[in-house]
Amino acid sequence: MRLLQLLLLWVLCSHATGANVLAVLPSVWKSHYLYGRRLLQQLVAGPQNHSVTLISPHAAAEAEAGSMLYNIREIRIEDQDLNQNWLDMGMSFEAEQMHAQSVMERFTRMIYAGTTNVDLLLSDAQVQKLLTSGEKFDLLIVDLFLSEALLGFAYYYGVPTVAISPTGANSWLNNMFGNPQSSSLDPSNFLPFTERMNTRQRIANTLMSTFERLTYNFFHLISQQSVYSNHFELLVHELPNYRDLSKNLSLALINSHPALDYPRAYLPNMLEVGGLHLLEPTDLQVPNHVRSFIESAPGGVIYMSLGAEVQTAQLPNEKLAILLDVFAHLKEFNFLLKWETDEFVQTLPDNIMINSWWPQQAILAHQQVKVFISSCGQLSVWESIAGDTPILAIPILAEQEVLAKRLQLKGAALTVGYDDIAYDALLHGIRQLTLNVSYAQHLSKLKARLNIVNSEASAKALSHIELILETGGADFLKSHANTLNFWRTEGLDVLVIIVLGICGILTVPFVATCCILRRSYYNQAAQDHQQPYRTTLKAVGRVHSYGDPSSCTSGGASEPLRRTRSAQSLSARSSCSSFSSTPPTTPSTTSTTPLDLTPPPPSATLSPLQLYVNQGVYSTQGKSREDKTEPAFL
């Protein structure tokens, strides 16, 4: 009996002492914080009794609103400092400026802003106090969007790491995990291309992917290394190389799904958990005054929000005027508008309600909400699908434009370009989505494919986190691809060796042949130098082939023609060797006869053909055989 009590006490103690988890969500975007916080809520709600310490610039704001999380301790970073630094680095929360930035400008400015924000977070007094407190942790959960220096927490505490990606996979995350990525198949997040790219788009995507990788490896990681060394070198005197920290990554939780994005290959430790942040239907609550406003609408409600951080109140005046004209025309609808200031641009109409923050998922799940006017961000799209609310998309960034195209192809949304905002386009889009029931039907089919109701994404994520805690990192799921450098990953070293081998195979025979021919030439030249009579004979042959006419005549007859060297020599040799009946005479003074270079007098009786024909051989029938000239043979 005593032994049974001790055993029961040991089980209860082991059950009560769960893992101590450190979570860092450094992004200035509130949607990233909401995604990570939902995962932490599900983690601490399990029977393992885990505890979480959360570091985020949005943590205290949510705590002050009365949403303190059970078993979660939140450390608030001064969000004003991070937001101001984000703006100082050239980033913006205004839709007009965000849309006007070029791809390269946004990419480079985002790298600067991400690095400096991580530096500010690690410099915070509460974070420094936590690092020097001696508290131990068992797991690190971190949002790794341009914040690789935060992996120093994992090395400092000696724990495995779980990375979350609320916006889906990107080239940086694939690079850290060693996940394969092809420029011909996987479009960049900074370009408005789908996976079905034409030749021009593949060229642009290849150039952008190369620029991303080079900038990431030779600029971004070096700046992150500086931040990492400045803050952790005082705590750990022997820091590993910053590139080696990614080898400690155990799991990536990616907010995507093949039915919504596109099917692609992922490593076993990279999980697609799209819709992880969605609340249970029983947890969806709408404030009473908002519920009364929604239910009082005769034709339903249209909800408009361009994102958690994008400020609708900062839209250009001409675009705001168009929106308000459309709202005034649709009197049968009520409108819920995300508005960040206390004052409206005009007298607030009775059918419009404004607020700086709405319980978005709960509103979209209400049956009276007919249309969602959105910029088509990842988290907003999932909440709209869960609530069966069609989307009128006004995309601002490239990834939002791609997602809007996918939804429109699936028949669940309509798109109006940001630069194409007009009265007729908005009015036509709202009429189509509210009167055509096919959009809601296609949305219901898409919801069934995503399997949102069964919370499959949450179960998958939590089970893998428990596996990592039990095995100390689940090393058997990791790929060795993240240990390869850029040259080895792309096979450039092998390509260089193959090219050098082919060049060697072709070059060696060519060089050997050239050397043999050159040596043979020099040997022949040396032999000619040792036997000068050969040169004399050649000179004599050239003299006779030119033009002493007496060498090819007999009986004093002369040939009045001047021939070229080749024609005269050929004629002399052929005449003397084949057609001569008398033995050739050997003149004794021919070799000393000077060469006559004076042109012969023109002959009017000879045709051009006869200039190249030996008259002694091809004679006419009026001449006798004895009158033929006897050509000399030398």
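Whatever comes next refers back to the structure up there.
This is a predicted model, so every value here is computed, not measured.

Here is what the cut-offs are and how they apply
- Residues numbered from 1 in each chain as written.
- Predicted model: local features only at pLDDT ≥ 70, side-chain atom pairs only at ≥ 80, totals over all residues.
- Heavy atoms only, no water.
- Salt bridge = Lys/Arg side-chain N within 4 Å of Asp/Glu carboxyl O.
- Helix = DSSP H or I, 4+ residues; strand = E, 2+ residues; numbered from the N terminus.
- Buried < 20%, exposed > 50% of the residue type's maximum accessible area, 1.4 Å probe, protein only.
- Pairing = 2+ DSSP bridges.
- Axes fitted to C-alpha atoms, helices over the stretch in contact; angles between N-to-C directions.
- Parallel < 35°, antiparallel > 145°, perpendicular 65-115°, else oblique.
- Left-handed = near helix turned anticlockwise from the far one by under 90°.
- Contact = heavy atoms within 4.5 Å.
- Nonpolar A, V, L, I, M, F, W, Y, C, P; charged D, E, K, R; others polar.
- Core = buried A, V, L, I, M, F, W, Y, C linked by side-chain atoms within 4.5 Å.
- Phe/Tyr/Trp six-rings, centres within 6.5 Å; stacked < 30°, edge-to-face > 60°.
- Lys NZ or Arg CZ within 6 Å of the ring centre and 35° of its normal.
- Polar contact = N/O pair within 3.5 Å; in protein donor to acceptor, adjacent residues only side chain to side chain.

### So, the pattern of salt bridges
Then, in step 1: Under the defined criterion, the tally for this structure stands at nine salt bridges.
Then, in step 2: Of the charged contacts in the structure, one is a salt bridge between Arg-73 and Glu-135, with a shortest N-O distance of 3.0 Å. One end of the pair, Arg-73, is in strand 3 (residues 72-76); the other, Glu-135, is in the loop between helix 7 (125-131) and strand 4 (139-143), with 62 residues separating them in the sequence.
Then, in step 3: Judged by relative accessible area, which is 39%, Arg-73 ranks as partly exposed.
Then, in step 4: Here Glu-135 falls in the partly exposed class, since its relative accessible area comes to 24%.
Then, in step 5: When the shortest N-O distance is used, the salt bridge between Glu-340 and Lys-338 registers 2.5 Å.
Then, in step 6: For Lys-338, a relative accessible area of 3% puts it in the buried group.

### Examining the sheet that holds strand 12 (residues 391-393)
Then, in step 1: Taken in spatial order, the six strands line up as 10-9-8-11-12-13 in an open sheet, and their pairing is parallel. Edge strands, defined here as strands with exactly one partner in the open sheet, are strand 10 (352-355) and strand 13 (413-415). With direction set aside, neighbouring strand axes in the sheet form an average angle of 20 degrees.
Then, in step 2: As defined by bridge partners, strand 8 (residues 301-305) adjoins strand 11 (residues 369-374) across five bridges and the pair is classed as parallel. Bridging from a neighbouring strand, Ile-302 pairs with Val-371 of strand 11.

### Observations regarding the packing of helix 2 (residues 30-44) against helix 18 (residues 456-471)
Then, in step 1: Contact pair helix 2 / helix 18: the axes reach a minimum separation of 11 Å and the direction vectors enclose 65 degrees. As far as their axial angle goes, helix 18 and helix 2 are roughly perpendicular. Considering how the two elements wind past one another, helix 2 and helix 18 form a crossing that is right-handed. Residue-level contacts link Leu-39, Gln-42 and Leu-43 of helix 2 to Ser-458, Ala-461, Leu-462, Ile-465 and Glu-466 of helix 18.
Then, in step 2: Taken together, the residues of the contact of helix 2 with helix 18 sort by class into five nonpolar, two polar and one charged.

### Examining the environment of Gly-114
Then, in step 1: As for its position among the elements, Gly-114 is in helix 6 (residues 103-123).
Then, in step 2: With relative accessibility at 8%, the residue Gly-114 sits in the buried group.
Then, in step 3: Counting along the chain gives 87 residues from Gly-114 to Ser-27, while the straight-line C-alpha distance between them is 8.2 Å.
Then, in step 4: Apart from residues lying up to four places away in sequence, Gly-114 is in contact with Trp-86, Leu-146 and Gln-224.

### Here's the deal with the environment of Leu-235
Then, in step 1: Among the structural elements, Leu-235 can be located in the loop between helix 10 (199-232) and strand 6 (249-254).
Then, in step 2: Since its relative accessible area comes to 28%, Leu-235 is described here as partly exposed.
Then, in step 3: Sequence separation between Leu-235 and Thr-132 is 103 residues; the distance between their C-alpha atoms is 8.3 Å.
Then, in step 4: Beyond its immediate chain neighbours, meaning those up to four positions away, Leu-235 contacts Leu-131, Thr-132 and Tyr-156.

### Things to note about the nonpolar core
Among soluble globular proteins, nonpolar side chains are generally buried collectively.
Then, in step 1: Grouped together as the largest cluster of nonpolar side chains are 58 residues, with contacts concentrated most on Leu-22, Val-24, Ile-55 and Phe-153.
Then, in step 2: Top contributing element to this core by residue count: helix 6, with seven residues.
Then, in step 3: Val-24 has contacts with Ile-55, Leu-121, Leu-140, Ile-141, Val-142, Asp-143, Leu-150 and Phe-153, leaving out every residue within four places of it along the chain.
Then, in step 4: Formed by 35 residues, the second largest nonpolar core is a distinct cluster that contains Leu-306, Ile-373, Leu-397 and Leu-433.

### Observations concerning the packing of aromatic side chains
Then, in step 1: Per the counting criterion, the structure on display carries 15 aromatic pairs.
Then, in step 2: Their ring planes at 80 degrees and their centres at 5.3 Å tell us that Trp-29 and Trp-86 sit as a pair that is edge-to-face. Separated by 57 residues along the polypeptide, Trp-29 in the loop between strand 1 (20-24) and helix 2 and Trp-86 in helix 4 (residues 79-88) bring together distant segments of the chain. Taken as a pair, Trp-29 and Trp-86 share a single burial class, namely buried.
Then, in step 3: The side chain of Lys-319 reaches across the aromatic face of Tyr-418, ending 4.8 Å from its centre.

### A word on the sheet that holds strand 4
Then, in step 1: Here seven strands make up an open sheet; going across it, the order is 3-2-1-4-5-6-7 and the pairing parallel. Both outer strands of the open sheet, strand 3 and strand 7 (270-272), are each paired with one neighbouring strand and no more. Sheet twist, expressed as the average angle between the axes of neighbouring strands with direction ignored, equals 20 degrees.
Then, in step 2: One ladder, built from five bridges, connects strand 2 (residues 51-56) with strand 3; its direction is parallel. Bridged to Ile-55 within strand 3 is Ile-75.
Then, in step 3: Taken strand by strand, helix 2 contacts strand 1, strand 2, strand 3, strand 4, strand 5 (161-165) and strand 6, and its axis lies near 170 degrees from that of strand 2.
Then, in step 4: The sheet strands contacting helix 18 are strand 4, strand 5, strand 6 and strand 7, and the helix crosses strand 6 at an angle near 175 degrees.

### Examining the side chain of Gln-361
Then, in step 1: Of note, Gln-361 is situated in helix 13 (residues 360-364).
Then, in step 2: Excluding anything up to four places from it in sequence, Gln-361 contacts His-277, Leu-278, Leu-279, Leu-284 and Glu-383.

### Focus on the packing of helix 12 (residues 317-329) against helix 16 (residues 423-435)
Then, in step 1: Close contact between helix 12 and helix 16 brings their axes to 9 Å; oriented N to C, the two are set at 45 degrees. In terms of orientation, helix 12 lies oblique with respect to helix 16. The handedness of the crossing between helix 12 and helix 16 is right-handed. The segment helix 12 lies against helix 16, with Ile-322, Leu-323, Asp-325, Val-326 and His-329 engaging Tyr-423, Leu-426, Leu-427, Ile-430 and Arg-431.

### Notes on the environment of Thr-210
Then, in step 1: One can find Thr-210 in helix 10.
Then, in step 2: Note on Thr-210: relative accessible area 40%, which makes it partly exposed.
Then, in step 3: Considered as a pair, Thr-210 and Ser-183 are 27 residues apart in the sequence and their alpha carbons are 8.7 Å apart.
Then, in step 4: One polar contact links the side chain of Thr-210 to the main-chain carbonyl oxygen of Thr-206, over a distance of 2.8 Å.

### Points about unusual backbone geometry
Then, in step 1: Residue Cys-376 is not a glycine yet carries a positive backbone phi of 75 degrees.
Then, in step 2: Mapped onto the fold, Cys-376 is located in the loop between strand 11 and helix 14 (378-386).
Then, in step 3: Owing to a relative accessible area of 1%, Cys-376 belongs among the buried residues under this scheme.
Then, in step 4: Here Ala-474, not a glycine, exhibits a phi torsion of approximately 50 degrees, which is positive.
Then, in step 5: Within the fold, Ala-474 resides in the loop between helix 18 and helix 19 (486-489).
Then, in step 6: Its relative accessible area of 0% is what places Ala-474 among the buried residues.

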